[in-house]
Amino acid sequence: MRHSFDYDYILKAIVGVASPIVGVITSLQEQIEWTLRVSSLAVGLLVGLMSLVGMIRKFRRR
């Protein structure tokens, strides 16, 4: 025997799960943005230092 899906029940379940998640993301938005900015700055500095080291090594070989 096959049971039919109750789409209204499934939609209410999805909205019920998604609502608290969106609320948490919204309340932590400033901290998430700060973390992303700091991490992108750290990655940028690391890439710059690696490029500088590569240039110094290349210059010393000549």
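Attention in this report is confined to the structure presented alongside it. Just so you know, these numbers come straight off a predicted model, no measurement behind them. (Residues numbered from 1 in each chain as written. Predicted model: local features only at pLDDT ≥ 70, side-chain atom pairs only at ≥ 80, totals over all residues. Heavy atoms only, no water.)

**Structural notes on the overall build of the protein**
Part 1: What the protein contains, in helices and strands, is two helices and zero strands.
Part 2: Rg of the C-alpha trace for the protein: 25 Å, well past the compact-globule value of 11 Å for 62 residues, more than 25% over.
Part 3: Put simply, the protein has 62 residues, and 0% of those count as buried.
Part 4: Of note, the protein has its 8 positive side-chain charges centred 32 Å away from the centre of its 4 negative side-chain charges. (Helix = DSSP H or I, 4+ residues; strand = E, 2+ residues; numbered from the N terminus. Rg over C-alpha atoms; globule rule 2.2 N^0.38 Å. Buried < 20%, exposed > 50% of the residue type's maximum accessible area, 1.4 Å probe, protein only. Lys, Arg positive; Asp, Glu negative; His and termini not counted. Charge placed at Lys NZ, Arg CZ, Asp CG, Glu CD.)

**Overview of a nonpolar patch on the surface**
Part 1: A surface patch of nonpolar side chains, about 630 Å² in accessible area, is lined by V17, I21, V24, I25, L28, I32 and L36.
Part 2: With four residues, the single largest contributor to the nonpolar patch is helix α1 (residues 7–27).
Part 3: Following the sequence through the fold, V24 ends up in helix α1.
Part 4: Note on V24: relative accessible area 45%, which makes it partly exposed. (Patch = residues over 30% accessible without salt bridge, like charges linked within 9 Å, V, L, I, M, F, W, Y side chains within 5 Å. Areas by Shrake-Rupley, 256 points an atom, 1.4 Å probe, with all protein chains shown as cover. Salt bridge = Lys/Arg side-chain N within 4 Å of Asp/Glu carboxyl O.)

**A look at helix α2 (residues 29–61)**
Part 1: Between its first and last C-alpha atoms α2 spans 48 Å; for 33 residues at 1.5 Å apiece the expected length is 48 Å, and the two agree.
Part 2: When you tally the buried positions in α2, you get zero out of 33 residues, a small fraction of the element. (Expected span 1.5 Å × (residues − 1).)

**Remarks on the environment of I10**
Part 1: Within the secondary structure, I10 sits in helix α1.
Part 2: Note on I10: relative accessible area 36%, which makes it partly exposed.
Part 3: For the pair I10 and W34, spaced 24 residues apart in sequence, the C-alpha separation works out to 36 Å.

**Thoughts on the packing of α1 against α2**
Part 1: Two elements in contact, α1 and α2, have axes whose closest approach is 4 Å; the angle formed by their N-to-C orientations is 60°. Here α1 lies oblique to α2, going by the angle between them. Residues I25, T26 and S27 of α1 lie in contact with α2, whose contacting residues are Q29, Q31 and I32.
Part 2: In the contact of α1 with α2, the residues fall into two nonpolar, four polar and no charged. (Axes fitted to C-alpha atoms, helices over the stretch in contact; angles between N-to-C directions. Parallel < 35°, antiparallel > 145°, perpendicular 65-115°, else oblique. Contact = heavy atoms within 4.5 Å. Nonpolar A, V, L, I, M, F, W, Y, C, P; charged D, E, K, R; others polar.)

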